[in-house]
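Examination of the molecular architecture
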Amino acid sequence: MPEYPEAFKTALKFTLKWEAGVGDPRDLAGTVNYGISQPTYDTYLLRKKLASKSVLQITQPEVEEVYYEQFWKPCLADSMVLPLAVAHFDTAVNFSVKGSLQFLQEAIGGLTVDGNFGPKSKAALEKANNLQTAQGYCQNRIDYRYQRVKADPSQDIFLDGWLRRDQDLMRYVNELGGVTTPQPTPQPTSKPTPQPVSQTEILSKIEQAIRLLQEAVDLFKKQ
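Bear in mind the structure is a predicted one, so any value in this text is a computation, not a measurement. (Residues numbered from 1 in each chain as written. Predicted model: local features only at pLDDT ≥ 70, side-chain atom pairs only at ≥ 80, totals over all residues. Heavy atoms only, no water.)

It is worth spelling out the packing of aromatic side chains at this point. Remark: the centre distance and the inter-plane angle together describe each pair of aromatic rings, the angle taken between the planes. Tallied over the entire structure, the rule returns 15 aromatic pairs. Seen in terms of ring centroids, Phe-8 and Tyr-68 are 5.1 Å apart; in terms of plane orientation they differ by 70°. Their pairing is edge-to-face. With Phe-8 in helix 1 (residues 6-19) and Tyr-68 in helix 3 (residues 60-72), this pair connects stretches of sequence that are 60 residues apart. The burial state of Phe-8 is the same as that of Tyr-68; both residues are buried. Seen from their ring centres, Phe-103 and Tyr-144 are 5.8 Å apart, and the 85° between their planes marks the pair as edge-to-face. In this pair, Phe-103 sits in helix 5 (residues 97-108) while Tyr-144 sits in helix 7 (residues 131-151), placing the two residues 41 residues apart along the sequence. Each member of the aromatic cluster is reached from another via a ring pair, and the members are Tyr-4, Phe-8, Tyr-67, Tyr-68, Phe-71, Trp-72 and Phe-89. (Phe/Tyr/Trp six-rings, centres within 6.5 Å; stacked < 30°, edge-to-face > 60°. Helix = DSSP H or I, 4+ residues; strand = E, 2+ residues; numbered from the N terminus. Buried < 20%, exposed > 50% of the residue type's maximum accessible area, 1.4 Å probe, protein only.)

Within this structure, the stated rule accounts for 12 salt bridges. Lys-9 is paired through a salt bridge with Glu-6; the nearest N and O atoms lie 3.3 Å apart. Of this pair, Lys-9 and Glu-6 both sit in helix 1, three residues apart, roughly one helical turn. Overall, Lys-9 belongs to the partly exposed group, its relative accessible area being 34%. Residue classification places Glu-6 among the exposed positions, given a relative accessible area of 55%. Its salt-bridge partner being Arg-145, residue Asp-166 comes within 2.8 Å of it at the nearest N-O pair. (Salt bridge = Lys/Arg side-chain N within 4 Å of Asp/Glu carboxyl O.)

See the structure below:
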């Protein structure tokens, strides 16, 4: 059984939280199981010189190995601080390795966004390998979801699920980076306790009531 880096295990745990089970057949990615498409699984089986079979039959050890060999290592996640590595790896699973590198170039800024992560991009990453880049990365993912649905309205059925995942990723990235998300102040569920009334206030109210009653009696007598 391979021993994977702790950073990879942390990233995979988040991704599998959202990729457990078989994907929706209406998704443009086609048949997907645990976030792994049939073509990706076919590539893995070919490399291992194993017989072709449906991705629906993939085993848990194969899931881990596919993710490590075909996503984690090629997307260069092992060169990043943990918050950025988690965001980047999950994006490689969601958008392909090249797609994740494009998101990374965009998040770093000042680079040609083409998915070709050469010396210039790597040098820029060394200076931007931090939580702030990871946060911007997550926001770019959220923005992209809306653009995708605008371009192809048939994908609107997935928007809420995509946004929940992206927002959860942002929360987790902040948590890994030591940023505490402020909790909303709870609203009171019971009525406020009435303040006690002094004896002087009570006597004053009684006197006012007596005067009003006397005025009413006087008016009645004049009729």
